[in-house]
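The residues making up each chain are set out below.
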Amino acid sequence: MEELKIPENVRYILARLKSAGFEAYVAGGAVRDSLSGKTPDDWDVCTSAHPREVAELFSEDRVIPTGIKHGTVTVVTGRRKTEEQGEEERQRENGKKENHEKEAAEKSAVEVTTFRRESGYSDRRHPDRVTFVSEIEEDLARRDFTVNAMAYSPDRGLCDPFGGCKDLENNLLRCVGEAGRRFSEDPLRILRALRFRAVCGFRLEKETEGAVRGLYENLKEVSWERITAELEKLMCGKYAAAVLDEYRDVFACLIPELSAMFGFEQYSPYHNRDVWHHTLAAVEDIPPVFALRMTMLLHDIAKPVVFVLDDNGRGRFVGHPQRGAEMAETILRRMRFPNHLIQRIVLLVRFHDVKLKPRRPEVRRMLALFGEKGFEDLLAVKHADAAGKYEKYLGEAEEKNEALRKCAKDILRDGDCLSVAELAVNGDDLIRAGVPAGPRIGSILKDLLEDVMDDTLKNEKPALLGAVKARMR
Ligand code: ATP
Ligand code: MG
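Residues numbered from 1 in each chain as written. Chains lettered and ligands numbered in written order. Predicted model: local features only at pLDDT ≥ 70, side-chain atom pairs only at ≥ 80, totals over all residues. Heavy atoms only, no water.

Novice: Any chance you could explain the site of ligand 1 here in plain terms?
Specialist: The local shell around ligand 1 holds 15 residues, among which Arg-32, Asp-186, Arg-189, Arg-192 and Arg-195 are the closest. Between a nitrogen atom of ligand 1 and a side-chain N or O atom of Arg-189, the distance comes to 2.7 Å. One nitrogen or oxygen atom from the side chain of Arg-195 is found 2.7 Å from an oxygen atom belonging to ligand 1. When ligand 1 sits alone it has 590 Å² of accessible area, and the protein chains cover 79% of it. Counting only elements with at least two residues in the shell around ligand 1, the list comes to helix 2 (29-35), helix 9 (188-200) and helix 11 (224-235). The element best represented in the shell around ligand 1 is helix 9, accounting for four residues. Residues that form the shell around ligand 1 fall into these classes: one nonpolar, three polar and 11 charged. (Near = heavy atom within 4 Å. Polar contact = N/O pair within 3.5 Å; in protein donor to acceptor, adjacent residues only side chain to side chain. Areas by Shrake-Rupley, 256 points an atom, 1.4 Å probe, with all protein chains shown as cover. Helix = DSSP H or I, 4+ residues; strand = E, 2+ residues; numbered from the N terminus. Nonpolar A, V, L, I, M, F, W, Y, C, P; charged D, E, K, R; others polar.)

Novice: What am I meant to see in the packing of aromatic side chains here?
Specialist: For any pair of aromatic rings, the description rests on two quantities: the centre-to-centre distance and the angle between the ring planes. Within the structure shown, the criterion is met by 11 aromatic pairs. Linked through ring pairs, Phe-264, Tyr-267, Phe-307 and Phe-317 together constitute an aromatic cluster. The ring of Phe-58 is capped by Arg-16, whose NZ or CZ atom sits 5.9 Å from the centre of that ring. Seen from the ring of Phe-317, Lys-303 lies directly overhead, with NZ or CZ sitting 4.6 Å from the centre. (Phe/Tyr/Trp six-rings, centres within 6.5 Å; stacked < 30°, edge-to-face > 60°. Lys NZ or Arg CZ within 6 Å of the ring centre and 35° of its normal.)

Novice: Got a minute to help me understand helix 19 (residues 360-387) in this structure?
Specialist: Since one α-helical turn is 3.6 residues long, residues separated by three or four positions face the same way. The end-to-end C-alpha distance of helix 19, which contains 28 residues, comes to just 26 Å, noticeably less than the 40 Å that a straight helix rising 1.5 Å per residue would cover. Largest kink in helix 19: about 105°, centred on Gly-371. (Expected span 1.5 Å × (residues − 1). Bend = angle between axes of the 7 residues up to and from the residue.)

Novice: In this structure, what is going on with the layout of surface pockets? I would like to understand it.
Specialist: One simple way to see leftover space: roll a probe sized like a water molecule over the atoms. Considering only enclosed or pocket space, the second largest pocket measures out at about 730 Å³ in volume. Of all the secondary-structure elements, those providing two or more residues to the lining of the second largest pocket are strand 13 (315-316), helix 19 and helix 20 (392-414). Residue contributions to the lining of the second largest pocket peak at six residues, all from helix 20. Taken together, the residues of the lining of the second largest pocket break down into nine nonpolar, seven polar and 11 charged. (1 Å grid on protein atoms, 1.4 Å probe; cavity = no way out; pocket = protein on both sides within 12 Å on 5 of 7 lines; lining within 4 Å. Points joined across faces, edges and corners; volume = space filled by probe spheres on them.)

Novice: Which parts of the structure should I look at to understand unusual backbone geometry?
Specialist: Most of the time, phi is negative for any residue but glycine, and the peptide bond is trans. The residue Tyr-267 is not glycine, and still its phi comes out positive at about 45°. Tracing the chain through its elements places Tyr-267 in the loop between helix 13 (248-254) and helix 14 (275-285). Judged by its relative accessible area of 48%, Tyr-267 falls in the partly exposed class. For Asp-455, which is not glycine, the phi torsion reads 65° and is therefore positive. Tracing the chain through its elements places Asp-455 in the loop between helix 22 (439-453) and helix 23 (461-472). (Buried < 20%, exposed > 50% of the residue type's maximum accessible area, 1.4 Å probe, protein only.)

Novice: For this particular structure, what's the right way to read the packing of helix 15 (residues 290-298) against helix 18 (residues 339-351)?
Specialist: The relative placement of two packed helices is expressed as an angle between their axes plus a distance between the axes. The interhelical angle for the contact between helix 15 and helix 18, taken along N-to-C directions, is 45°, at an axis separation of 9 Å. One element, helix 15, and the other, helix 18, form an angle in the oblique class. The hand of the helix 15/helix 18 crossing is right-handed. For the pair helix 15 and helix 18, the contacting residues are Phe-290, Ala-291, Leu-292, Met-294, Thr-295 and Leu-298 in the first and Leu-341, Arg-344, Ile-345, Leu-348 and Val-349 in the second. (Axes fitted to C-alpha atoms, helices over the stretch in contact; angles between N-to-C directions. Parallel < 35°, antiparallel > 145°, perpendicular 65-115°, else oblique. Left-handed = near helix turned anticlockwise from the far one by under 90°. Contact = heavy atoms within 4.5 Å.)

Novice: Sorry if this is basic, but what is going on with the pairing of strand 1 (residues 24-27) here?
Specialist: The side chains of a regular strand alternate, first on one face of the sheet and then on the other. The alternating pattern of strand 1 places Ala-24 and Val-26 and Tyr-25 and Ala-27 on opposite faces, both of which are buried. As judged from the four bridges shared by strand 1 and strand 2 (residues 44-47), these two strands associate in the antiparallel manner. Bridging from a neighbouring strand, Tyr-25 pairs with Cys-46 of strand 2. Where strand 1 meets strand 8 (residues 151-153), two bridges bridge the pair, whose relative direction is antiparallel. (Pairing = 2+ DSSP bridges.)

Below, the structure is given as structure tokens:
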């Protein structure tokens, strides 16, 4: 067996635990990814040392008691405390302390977990009881899939009691132990199975596949917080669209509104796919960013609801973006998505079908609404939407997007006024011009902004005040 390339800080942790007389391995995702030639994002260490022993051993580094009860402490290596304090002060001055600190901590943070066994998941969230054990094999036995149940240490090599390496070679995802029992213990594993298929392309081994199909309804008992964490990885996977299609019933169990899209014919000259397959093509086209992928999954969610067949036998979906935005909001709130994601997704769904010409007034309004980055998102959404239609529409959409992008660039380069705050007058100016203080001030400023964005009024003080006076007459 070849040696795994383990980063310096992780080697240091393993060596230090070993020299103190404990067993220590890297385990889980990092071993799986290394063996399949990928560079792991993070490395987890497991050890025979108990959490307080770990904390003591690394007292000169920084130790965060992440989940002491479950046996996990995070060891932050690389930078000594004193150096870090100096750095902290510098960052406070920069006003960016929080981000920097987080980044730095993530770079060198390693979770060190004591070998453990779990029993019972009555709340479907956490194991009822965690028992520390002394054998690595017992720790590996609690893990979900054989490919995730391998450990490695530089001196002992690979520990693979369940044939994970062979399954990895065969691209197979197989539960450790009896699939039905493992999924019943913790139904989140069902979604994790689909996540690993979506990200790594594993096929599900027969028994595991059968248990997914038989037990997915148990996902309803799992907290949204755990589900969305897996869903994020799944949706950003290379094979997300294929997995959504293959396991559509599982996803409809999480989001019942999806099922109306399955097989829903569009009777439209633009579309060669039903609503669901159009949706999947759009999911596949958009970059793997959770908010964007969710936007495409939900962008046509209201199509079946508003569908009308007109006299010519053509499908009409009047109002589906607006209705879809409302439905998306309901769904995402129910799923406990964070507010910033809800807002971003709902806005994109609402405007996914907006007809935009590359003219400044229209593009300014979109820039005002979405911001520069959000406007790029909107173009990506339009691209993805077109990618799910007849082929010829994609070329058209790309050309249009280019023109829109150029128009936006010109607007930003010229610093065109896009908000009330950028107007050449403010509320005080209006009061001085004789407008009574009160809510009218705000509405007048908004009207002025509309005219300025339409190019019917210049963003210059005399012109704006002139327009205000004309209104008051
Ligand atoms: P990633 O690279 O995406 O982090 P990962 O395999 O490391 O993938 P994690 O969620 O970080 O996934 O979990 C780390 C390890 O813990 C897994 O490889 C697996 O061995 C184990 N594990 C995680 N969640 C569960 C679970 N619900 N049931 C059983 N074992 C689990
Ligand atoms: Mg991990």
